[in-house]
Amino acid sequence: MKLSEFRFDLPQSLIALYPSENRGESRLMVVNRKTKQIEHKMFSDIINYFEDGDVMVTNNTKVFPARLFGQKEKTGAKIEVFLLRELNREHRLWDVLVDPARKIRVGNKLYFGDSDLVAEVIDNTTSRGRTIRFLYDGDHDALMKAIHELGETPLPDEIRFKRKVEASDEDRYQTIYAEHVGAVAAPTAGLHFNKIIMKRMELKGVTFTPLTLHVGLGTFRQVDVEDLTKHKTDSENFLIPENTCNLVNEGIDSNRRICAIGTTVLKALESSVSADGHLKPIEGWTDKFIFPPYDFRIPNALLTNFHLPESILIMMTSAFGGYELIKEAYEIAIKEKYKFFSYGDAMLII
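What counts and how
- Residues numbered from 1 in each chain as written.
- Predicted model: local features only at pLDDT ≥ 70, side-chain atom pairs only at ≥ 80, totals over all residues.
- Heavy atoms only, no water.
- Pairing = 2+ DSSP bridges.
- Helix = DSSP H or I, 4+ residues; strand = E, 2+ residues; numbered from the N terminus.
- Axes fitted to C-alpha atoms, helices over the stretch in contact; angles between N-to-C directions.
- Parallel < 35°, antiparallel > 145°, perpendicular 65-115°, else oblique.
- Left-handed = near helix turned anticlockwise from the far one by under 90°.
- Contact = heavy atoms within 4.5 Å.
- Nonpolar A, V, L, I, M, F, W, Y, C, P; charged D, E, K, R; others polar.
- Phe/Tyr/Trp six-rings, centres within 6.5 Å; stacked < 30°, edge-to-face > 60°.
- Buried < 20%, exposed > 50% of the residue type's maximum accessible area, 1.4 Å probe, protein only.
- Salt bridge = Lys/Arg side-chain N within 4 Å of Asp/Glu carboxyl O.

*Asks:* It is not clear to me how the sheet that holds strand β10 (residues 129-135) should be interpreted in this structure. Could you clarify?
*Replies:* By way of backbone hydrogen bonds, the strands of a sheet pair with one another, either parallel or antiparallel. Pairing is antiparallel in the closed barrel, where six strands are placed in the order β5-β6-β7-β10-β9-β8. The sheet shows a mean angle of 45° between the axes of neighbouring strands, direction not considered. Pairing analysis gives five bridges linking strand β5 (residues 67-72) to strand β6 (residues 78-88), with the strands arranged antiparallel. Among the inter-strand pairings, Gly70 is bridged to a residue of β6, identified as Ile79.

If you want it as structure tokens, here you go:
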């Protein structure tokens with residue numbers, strides 16, 4: 001397919017700048033692939049679409065405050081450093097993006113706040129990418145504590161350019177089941193769940209089971225080629241534990257609903273499929289890029305948000321729900337004023 005096929009007019013007013021007042025209170029569009037029916041519900045109604053034996057796969061990655069603000073040595077020029085991923089714990093090497101990139105050269109030292117946190121630029125990776133080494137006396141836990149104290153919640157640009165990051169974002173831009181630190185963006189489909197909804201589903205016999213995929217900026221990187229087969233995504237680190245594989249495979253064998261909570265889970269599940277169509281445990285990296293047409297082997301339900309035009313996330317959603325049906329659903333969502341993007345409303349595709 002072509003990039004232009006995922007282009008549509010999205011009013012800026014429909015991009016949610018804040019989440020719903022309380023978790024679980026977003027709107028929910030339910031899209032049935034078989035009947036083509038589209039229903040308008042509230043997120044708490046999701047309980048009615050799952051039964052005993054169904055499996056919900058979560059992404060328990062945890063967002064860390066990846067955006068740091070500092071200044072260059074000597075000139076004092078203000079700079080922004082976005083931490084993408086830790087490359088080497090022992091040597092404190094990180095893959096980062098810098099802004100303004102033209103001012104940040106190899107050999108520069110960067111100072112953050114009034115603390116003793118300092119970094120040295122040791123390599124160029126892309127036009128905005130750099131490799132830095134933190135010059136810090138404490139151990140790894142102390143370094144991460146310093147980053148946490150100085151860093152800012154990494155809200156996407158579409159939100160933070162329209163309002164300031166607030167204290168409440170530290171909690172709301174995180175799922176309630178977040179556990180393993182490593183993401184620079186939240187797996188946003190999971191933001192809708194609260195403890196009450198999860199407990200009510202568990203009482204019905206629905207099982208929640210985790211995997212971990214540390215969301216990187218590759219998930220949001222702009223596609224700049226018309227021919228989608230030529231687009232390359234950044235690799236993201238992921239782990240699927242054996243227990244999750246067992247639960248998912250039991251669900252497959254029992255013809256139960258296997259729901260991916262978010263496109264990150266969708267991507268992880270489809271990155272570790274055995275020859276007989278079952279899920280296998282893995283720890284590694286995936287650069288899988290899913291767009292229509294695509295034959296999904298593991299999940300048969302998807303919970304996701306409403307995504308931006310030309311994003312790889314709407315391409316993945318369209319691959320799962322069917323291009324024409326999702327196109328229709330998005331046209332309806334705009335007409336009905338559903339909220340889009342990270343803090344927006346939810347879509348359940350069954």
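Here the narrative resumes, following the displayed structure.
*Asks:* What exactly am I supposed to notice about the packing of helix α7 (residues 312-321) against helix α8 (residues 323-335) here?
*Replies:* Relative placement of two packed helices is described by the angle separating their axes and the distance separating the axes. Axis separation between α7 and α8 bottoms out at 6 Å; the angle between their running directions is 120°. The angle between α7 and α8 falls in the class oblique. Crossing of α7 over α8 shows right-handed handedness. Contacts from Ile314, Thr317, Ser318 and Gly321 in α7 reach Tyr323, Leu325, Ile326 and Tyr330 in α8. Class assignment for the residues of the contact of α7 with α8 results in five nonpolar, three polar and no charged.

*Asks:* Looking at this structure, I do not really get the side chain of Asn60. What am I missing?
*Replies:* Structurally, Asn60 is set in the loop between β3 (55-59) and β4 (61-63). Residues in contact with Asn60, not counting those within four places in the same chain, are Tyr177, Ala178, Glu179, His180, Pro210, Leu211 and Thr212.

*Asks:* Just to check I follow, could you spell out the packing of aromatic side chains for this structure?
*Replies:* Centre distance and the angle of the planes are the two values used to describe a pair of aromatic rings. Counted by the stated rule, this structure contains 15 aromatic pairs. Ring centres 5.3 Å apart and planes at 45° place the aromatic pair Phe306 and Phe340 in the tilted group. Of this pair, Phe306 sits in the loop between β16 (301-305) and α7 while Phe340 sits in the loop between α8 and β17 (346-349), and the two are 34 residues apart along the sequence. Take Phe306 and Phe340: they sit in the same class, and that class is buried. Each member of the aromatic cluster is reached from another via a ring pair, and the members are Phe8, Phe306, Tyr330, Tyr338 and Phe340.

*Asks:* Whenever I open this one, the sheet that holds strand β1 (residues 27-31) confuses me. Can you help?
*Replies:* If you walk across this open sheet you meet the nine strands as β2-β1-β17-β16-β14-β3-β12-β13-β15, and the pairing is mixed. Edge positions in the sheet fall to β2 (38-42) and β15 (282-286), since each has one partner strand and no second. Adjacent strand axes in the sheet meet at a mean angle of 25°, parallel and antiparallel pairs treated alike. Pairing geometry for β3 and strand β14 (residues 258-261), over three bridges, is parallel. Across the sheet, residue Val55 finds its bridge partner in β14, namely Ile258. Here helix α5 (residues 242-253) sits on the sheet and contacts β3, β12 (207-213), β13 (236-240) and β14; the angle it forms with β12, its principal contact strand, is near 130°.

*Asks:* Any chance you could explain helix α6 (residues 263-270) here in plain terms?
*Replies:* Side chains three or four residues apart in an α-helix point the same way, a direct result of the helix having 3.6 residues per turn. Among the eight residues that make up α6, eight are buried, leaving the element largely enclosed by the rest of the structure. Burial in α6 covers these residues: Thr263, Thr264, Val265, Leu266, Lys267, Ala268, Leu269 and Glu270.

*Asks:* So what exactly am I meant to see when it comes to the pairing of β12 here?
*Replies:* Consecutive residues of a regular strand have side chains that alternate between opposite faces of the sheet. Here β12 lies mainly inside the structure; five of its seven residues are buried. Sheet topology note: the β3/β12 ladder contains five bridges and is parallel. Looking across to β12, one finds that Val57 is bridged to Thr209. In the sheet, β12 pairs with β13 via two bridges, with the strands oriented antiparallel. Bridge pairing links Leu213 to Phe238 in β13.

*Asks:* Where do I start with the side chain of Asp95 in this structure?
*Replies:* Residue position: Asp95 is located in strand β7 (residues 93-99). Taking the relative accessible area as the measure of exposure, Asp95 reaches 14% and is therefore buried. Residues in contact with Asp95, not counting those within four places in the same chain, are Phe82, Leu83, Leu84, Arg85, Leu87, Thr125 and Arg130.

*Asks:* For this particular structure, what's the right way to read the pattern of salt bridges?
*Replies:* Opposite charge on two side chains permits pairing when their charged atoms draw close. Tallied over the entire structure, the rule returns 14 salt bridges. Between Asp171 and Arg23 there is a salt bridge; the shortest N-O distance is 3.9 Å. Of this pair, Asp171 sits in helix α3 (residues 169-172) while Arg23 is found in the segment before β1, placing the two residues 148 residues apart along the sequence. The closest approach of N and O atoms between Lys230 and Asp227, which form a salt bridge, is 3.1 Å. It is possible to trace a salt-bridge network through shared partners that takes in Arg67, Glu80, Asp157 and Arg160.

*Asks:* Looking at this structure, how should I read the packing of α6 against α7?
*Replies:* Interaxial distance between α6 and α7 falls to 10 Å at its minimum, and their mutual angle equals 65°. Considering how the two elements wind past one another, α6 and α7 form a crossing that is left-handed. Residues Thr263, Leu266 and Lys267 of α6 form the contact with α7, whose participating residues are Leu313, Met316, Thr317 and Phe320. Each residue belonging to the contact of α6 with α7 can be placed in one class, and the counts come to four nonpolar, two polar and one charged.

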